[in-house]
Amino acid sequence: MENACLCCTVCIEELSSTGNVVRKVQHRNLTLTIGRDEFKEMQLKITFPKKESKYLVKELLIHKKFVKDGKATVKLPDHKVQLMLSNCPPDKLMMFLKTLQTKLDCLKDKGFLSQRQKLFSGKHREFEEISPLTLKDLQTAHNAKVKATQKSKLAMPSKPSSSSSSLSTASIAGKKRTSDQGGHLSSLSQKENGDKRQKVSPGVPKFMTMSKINGISPSKVLAKSVMLTPEQNQVLEMVKKGRSIFFTGSAGTGKSFLLKRIIGALPPNHTFATASTGVAACHIGGTTLHSFAGIGSGKAPLQQCIELASRQRVAQQWRACKHLIIDEVSMVDGELFDKLENVARVIRKSDQPFGGIQLILCGDFLQLPPVTRPGEIRRFCFQSEAWQKCLETTMQLTDVKRQADKSFINILQYVRKGMCPDFVSDTLQATKHHIIEKDGVVATRLCTHKVDVEEINVSSLKELQGESRKFAATDSEEGYALHLNTLCPVPASLELKIGAQVMLCKNLDVQRGLVNGARGVVTSYDTKNHGHPVVKFVCGVTEIIKPSRWVFRLSGGNTVVRRQVPLKLAWAISIHKSQGMTLDCVEMSLSRVFETGQAYVALSRAKSLEGLRVLDFSNSCVRADPRVLSFYNRLDLRHRMMHNGIEDENEIFRPNPSAMAKR
Ligand SMILES: Nc1ncnc2c1ncn2[C@@H]1O[C@H](COP(=O)(O)OP(=O)(O)OP(=O)(O)O)[C@@H](O)[C@H]1O
Ligand SMILES: [Mg+2]
């Protein structure tokens with residue numbers, strides 16, 4: 001069972017009775033397996049290259065603050081052992097810990113056998129991998145926690161005493177041994193010979209309680225694990241097989257969404273998530289491709305780029321990389337891609353394509369192209385030599401998730417391909433009469449040019465009556481403000497007034513609609529609590545917006561953190577900056593469109609036709625690059641050919657056999 005096994009780096013720490021580390025040994029690539037013994041009690045098996053160790057698990061403490069970085073600590077107080085796990089695929093680690101916790105909660109609910117009962121049972125030793133987590137398990141664990149919380153509330157003396165003594169005499173009727181569950185009790189251990197509980201490791205304050213880890217309701221937990229569409233799952237499987245892949249699809253088919261899941265499925269120490277632009281990089285929690293590569297703008301001759309990438313910290317990063325993710329690859333210049341491929345081979349001292357790195361590229365070439373200077377010849381990434389050499393598989397996502405309205409999706413498909421039949425232009429022209437303002441939230445204006453954005457936001461803020469408030473970002477390193485301004489969606493200094501139109505730049509609570517791109521208006525400040533802005537969102541939720549953190553990995557591996565209120569002014573944003581976003585209510589002027597794909601990017605940000613207003617639609621803004629169209633036509637042709645004879649209908653290219661053999 002996939003979630004019962006985890007392969008990662010494990011540092012095994014042996015602890016003294018006071019909780020100090022007395023010995024520690026680090027092992028790479030150990031396998032942890034959750035199983036049951038002959039008494040159906042939980043065992044954690046660690047498989048070393050030449051031996052294995054098994055621990056009976058009755059108590060467990062988990063520190064999972066860094067689970068997103070693929071790290072966690074599992075403490076087994078009964079065995080005085082602490083396992084420091086690192087370099088785990090974050091999603092896998094999360095599910096492993098959830099399985100461990102939930103199954104243990106279920107077992108605790110049933111109670112444990114005594115040593116005596118075990119001795120007299122006469123059973124043979126057994127180890128069986130634990131069964132997959134079911135909704136029933138989650139429900140049982142959840143109920144057990146509720147029950148335990150109620151019991152502990154009832155057992156709680158009116159005057160709380162300072163230690164375990166108030167808890168030590170609590171016993172649970174009908175069970176030989178039950179370690180009470182949930183809440184603070186999960187940080188308590190029991191002695192073998194009774195129901196006495198005492199606090200273990202008072203010196204380890206940051207261990208999570210089980211109730212916190214399992215705090216999500218069972219249905220939500222399972223829903224989260226089945227969220228990918230079948231075609232998204234196919235891509236994920238292909239990535240897991242180690243293929244170098246390009247996956248594409250129209251706007252809103254969930255490419256970036258899937259990338260986040262892919263990142264969660266790969267080992268963090270060897271995975272580098274990048275994108276062609278800062279905004280797109282931030283969207284997937286990564287860095288820019290330029291920042292990763294450490295070759296400046298990449299315009300210098302190849303030899304110079306190699307020298308730049310040979311700097312110790314940059315080279316270390318290139319060597320550590322086994323999986324390179326690039327979002328919005330349509331904006332990566334073909335010449336740059338060829339240079340990167342060359343640099344990768346030289347720095348990694350490998351003749352394999354891209355130095356043996358697995359490439360996971362995603363984007364839509366019918367959206368914005370690479371930025372070029374006037375007079376410069378544009379070369380798309382798919383026209384590069386490296387593309388032909390390195391990419392083994394291309395897959396397409398076809399299920400649009402951003403919009404639900406089929407007729408709007410159909411209109412967008414025409415615009416994407418540079419086509420504008422009458423019904424498309426009639427429908428889009430008619431949107432200029434749409435009234436999309438709601439509850440004081442005005443539509444965000446998408447502008448073709450950056451200068452217009454600045455002007456609209458500054459002048460609109462000025463026009464508002466009332467005092468302005470400034471919110472200053474806190475950066476972990478001084479001197480990075482300018483760099484962070486390009487990477488981070490929030491500015492170093494954010495000026496707001498009551499009535500300011502804002503956009504949320506972070507997913508705060510997806511269930512309640514507080515998602516990246518959600519539009520709202522500042523209604524007041526939370527005077528009781530640091531004066532954080534209070535925002536009323538289009539989705540109907542009013543929320544105090546507290547500062548959030550953004551972590552960026554710089555070239556050379558260092559990280560820098562910006563802490564700022566996750567809002568930005570949203571009277572206007574540029575179409576280039578909007579690439580990758582989903583917007584609630586959006587207005588645009590397309591008369592000065594200057595790029596192929598630009599109108600498509602702007603239009604496809606809207607979640608619905610009702611939430612869209614095009615002020616001046618004309619057919620001339622709908623443009624697609626003929627080279628890109630023929631690239632997609634070739635893909636479609638191969639797709640159709642494969643459809644007849646090949647099982648995997650979304651797979652367009654068969655793998656490049658030479659690249660496969662070498663990896
Ligand atoms: N499997 C899914 N289930 C539910 N929602 C999804 C799924 N996949 C994507 N979405 C949602 O669809 C919207 C669009 O997804 P996303 O931004 O990843 O699309 P995209 O293909 O990257 O678009 P673009 O080309 O514009 O960057 C997001 O709100 C995302 O949360
Ligand atoms: Mg995207």
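Residues numbered from 1 in each chain as written. Chains lettered and ligands numbered in written order. Predicted model: local features only at pLDDT ≥ 70, side-chain atom pairs only at ≥ 80, totals over all residues. Heavy atoms only, no water.

*Asks:* Requested: an account of the UniProt feature "DNA-binding region" (unreviewed entry) in the chain, with residues and values cited.
*Replies:* Per the UniProt record, the feature "DNA-binding region" (unreviewed entry) sits at residues 598–617. Split by type, residues 598–617 is 30% helix and 15% strand. Its first and last C-alpha atoms lie 13 Å apart. (UniProt positions renumbered as here; feature names shortened; annotations may be inferred. Helix = DSSP H or I, 4+ residues; strand = E, 2+ residues; numbered from the N terminus.)

*Asks:* Let's hear about the sheet that holds strand β26 (residues 559–564): which residues, and what values?
*Replies:* Across the sheet, three strands lie side by side as β19-β26-β25; this open sheet has antiparallel pairing. Of all the strands in the sheet, the pair left with one neighbour each is β19 (474–475) and β25 (548–553). Here two bridges tie β19 to β26, and the two strands are oriented antiparallel to one another. Opposite Thr-474, over in β26, you have Arg-563 as the bridge partner. (Pairing = 2+ DSSP bridges.)

*Asks:* Can you explain the site of ligand 1? Please cite residues and give values.
*Replies:* Neighbouring ligand 1 are 19 residues, the closest being Met-227, Gln-232, Lys-255, Phe-257 and Arg-605. A distance of 2.9 Å separates an oxygen atom of ligand 1 from a polar atom in the side chain of Ser-256. In the environment of ligand 1, an oxygen atom lies 2.9 Å from a nitrogen or oxygen atom belonging to the side chain of Gln-367. Surface burial for ligand 1 is 81%, taken as the share of its 630 Å² of free accessible area covered by protein chains. In terms of residues, the shell around ligand 1 owes the most to one element, helix α8 (residues 255–264), which gives three residues. (Near = heavy atom within 4 Å. Polar contact = N/O pair within 3.5 Å; in protein donor to acceptor, adjacent residues only side chain to side chain. Areas by Shrake-Rupley, 256 points an atom, 1.4 Å probe, with all protein chains shown as cover.)

*Asks:* How would you sum up helix α13 (residues 334–347)? Please name residues and give values.
*Replies:* With 14 residues, α13 ought to run about 20 Å at 1.5 Å a step, and its terminal C-alpha atoms sit 20 Å apart, in line with that. The buried fraction of α13 is high, at 10 of 14 residues. All of the buried residues in α13 are Gly-334, Leu-336, Phe-337, Asp-338, Lys-339, Leu-340, Glu-341, Val-343, Ala-344 and Ile-347. The inward-facing, buried residues of α13 contact α10 (289–293), α11 (302–309), α12 (312–320), β14 (323–327), β15 (358–362) and α14 (385–390). Capping the start of α13, Asp-333 holds a side-chain oxygen 3.1 Å from the backbone nitrogen of Glu-335, two or three residues further along. (Expected span 1.5 Å × (residues − 1). Buried < 20%, exposed > 50% of the residue type's maximum accessible area, 1.4 Å probe, protein only. Contact = heavy atoms within 4.5 Å.)

*Asks:* Describe the packing of α11 against α13, with residues and values.
*Replies:* Running from N to C, α11 and α13 point in directions that differ by 50°, and their axes come no closer than 10 Å. Classed by the angle they form, the pair α11 and α13 counts as oblique. Judged by the twist between their axes, the crossing of α11 over α13 is right-handed. Packed against α11, whose contacting residues are Leu-302, Cys-305, Ile-306 and Ala-309, the element α13 presents Lys-339, Asn-342, Val-343, Val-346 and Ile-347 at the interface. Partitioned by chemical class, the residues of the contact of α11 with α13 number seven nonpolar, one polar and one charged. (Axes fitted to C-alpha atoms, helices over the stretch in contact; angles between N-to-C directions. Parallel < 35°, antiparallel > 145°, perpendicular 65-115°, else oblique. Left-handed = near helix turned anticlockwise from the far one by under 90°. Nonpolar A, V, L, I, M, F, W, Y, C, P; charged D, E, K, R; others polar.)

*Asks:* Please give an account of the sheet that holds strand β30 (residues 612–614) that cites residues and values.
*Replies:* Across the sheet, four strands lie side by side as β28-β17-β29-β30; this open sheet has parallel pairing. The open sheet has two edge strands with one neighbour each: β28 (572–574) and β30. Direction aside, neighbouring strands of the sheet carry axes that sit 25° apart on average. Across three bridges, the pairing between strand β17 (residues 444–447) and β28 is parallel. Within β28, the position partnered with Arg-445 by the bridge is Ala-572. Across the sheet, helix α17 (residues 450–463) lies against β17 and β28, angled at about 165° from β28, the strand it touches most.

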